[in-house]
Amino acid sequence: MSILIVGGAGYIGSHVNKYLNREGYDTVVVDNLCKGHRESVRWGEFLQGDIGDIDFMNEVFSSRRIEAVMHFAAFAYVGESVIMPAEYYKNNVVKTMTLLDSMMNNGVNNFIFSSTCAAFGEAVEIPITEFHVQNPINPYGFTKLVVERLLKDYDRAYGLRSCIFRYFNASGADPETEIGEWHEPETHLIPIIFETATGKHQAVNIFGTDYPTTDGTCVRDYIHVYDLAEAHKLGMERLISTGISDHYNLGCGKGFSVREIIDIAGKVTGKAIKTSEVKRREGDPPVLIGSMQKAESLLKWKPQFSLEDSISTAWKWYLKKEKI
Ligand code: UDP
């Protein structure tokens, strides 16, 4: 039996793929490479194709024994989703429905879904638990919430079981530096800081300095991608052994402001990072910090990596990728 990882050539999917192989699982990666990189798939079988192509997906399932599907094949930029919502709904919702159809056509009913803290919207209580109201403020968050709701209905009606993870800010890279974060173009804060440290940008644009936070900049909960990978393994195993659908927030329970991240990244890289204060980015909530309590108690999961670990593993990967 194999685990199918769709979107396994992307940032989080490629780390989960490496992690599962190291833990003794067989994996099959499906990715259309619209954002992911073939070079990031170094473990398991690789198939290039689109989850929205029902014939292709039926062929993937019918010719292999797939026990569970992990879904990372989503568009995930908050800012971009505000500008091009149609692409986000088509890719993140419509194609996911086709993927679920192909699973059900082939009798595969364990689904691990990457949702997001953006599905909560503005926090009314910190840290954000699984009971927090979900009221997204950007199309990206809505696309994920739509799928979360749909999964509940599919469970009841069709017996499709799911494990939903709402990630806070994925960060860091493989500690062995074989793979890492690799987006083109890059929009995420930590790699943007590295690009600035190495002269690709004049300064890091700080999006908004008038938020109701201690230093006026947005606060996020940064979680190492390997900690996320471990949670996926534990969540999948619990889903398969209990046959019960569930959902978990994956954060560290600690927030860092944009300015704090820039300061720490400056220390890790040993570089002076220039900054420029610009207006808020549309769709950004002021504070997102996740509670890990449920994942800790049910999955026995606890993040192992600190923020400094995340920034230093990401920096090593960045230097390798850029051949610096
Ligand atoms: N951010 C910023 N400048 C940048 C990129 C990001 O100030 O060049 C801020 C962004 O507004 C957010 C935080 O950094 O508050 C993390 O953003 P990122 O895009 O890394 O992740 P997101 O929270 O959107 O998933």
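Structure first, text after, so check above.
Quick caveat, the model's predicted, so the values are computed rather than measured. (Residues numbered from 1 in each chain as written. Predicted model: local features only at pLDDT ≥ 70, side-chain atom pairs only at ≥ 80, totals over all residues. Heavy atoms only, no water.)

Caption draft 1: Representation of the sheet that holds strand β2 (residues 26-31) in the model. Strand order across the open sheet formed by seven strands is β3-β2-β1-β4-β5-β6-β11, with parallel pairing between neighbours. At either end of the open sheet lies a strand with only one pairing partner, and these are β3 (45-48) and β11 (246-250). Taken pair by pair, the neighbouring strands of this sheet meet at an average axis angle of 20°, ignoring direction. As paired elements, strand β6 (residues 161-167) and β11 share five bridges and run parallel to each other. (Pairing = 2+ DSSP bridges. Helix = DSSP H or I, 4+ residues; strand = E, 2+ residues; numbered from the N terminus. Axes fitted to C-alpha atoms, helices over the stretch in contact; angles between N-to-C directions.)

Caption draft 2: Inspection of unusual backbone geometry at higher detail. Following Ile 126, the chain continues to Pro 127 via a peptide bond in cis, the omega torsion being -5°. Checked against the element boundaries, Pro 127 lands in the loop between β5 (110-116) and α5 (139-158). Residue Pro 185 follows Glu 184 across a cis peptide bond; omega there is 0°. Of note, Pro 185 is situated in the loop between β7 (169-171) and α6 (189-197). Within the chain, Leu 33 stands out as a residue other than glycine whose phi angle is a positive 60°. The topology assignment puts Leu 33 in the loop between β2 and β3. Note on Leu 33: relative accessible area 24%, which makes it partly exposed. Positive phi, close to 55°, is recorded for Lys 300, a residue that is not glycine. By secondary structure assignment, the location of Lys 300 is in the loop between α9 (293-299) and α10 (307-321). Note on Lys 300: relative accessible area 65%, which makes it exposed. (Buried < 20%, exposed > 50% of the residue type's maximum accessible area, 1.4 Å probe, protein only.)

Caption draft 3: Quick look at the packing of helix α4 (residues 85-105) against α5. Relative to each other, α4 and α5 sit at 20°, their axes nearing to 9 Å. Between α4 and α5, the angle falls in the class roughly parallel. Crossing of α4 against α5: the hand is right-handed. Residues Pro 85, Tyr 88, Tyr 89, Asn 92, Val 93, Thr 96, Met 97, Leu 100 and Met 104 of α4 form the contact with α5, whose participating residues are Pro 139, Tyr 140, Phe 142, Thr 143, Val 146, Val 147, Leu 150, Leu 151, Tyr 154 and Tyr 158. (Parallel < 35°, antiparallel > 145°, perpendicular 65-115°, else oblique. Left-handed = near helix turned anticlockwise from the far one by under 90°. Contact = heavy atoms within 4.5 Å.)

Caption draft 4: The pairing of β6, seen in detail. Most of β6 sits inside the fold, with six of its seven residues counted as buried. In the sheet, β5 pairs with β6 via seven bridges, with the strands oriented parallel. If you follow Ile 112 over to β6, its bridge partner there is Cys 163. Once the chain exits β5 it traverses α5 before rejoining the sheet at β6, and the crossover so formed is right-handed. (Right-handed = clockwise from strand over helix to strand, strands pointing away.)

Any link to function would need more than the numbers given here.
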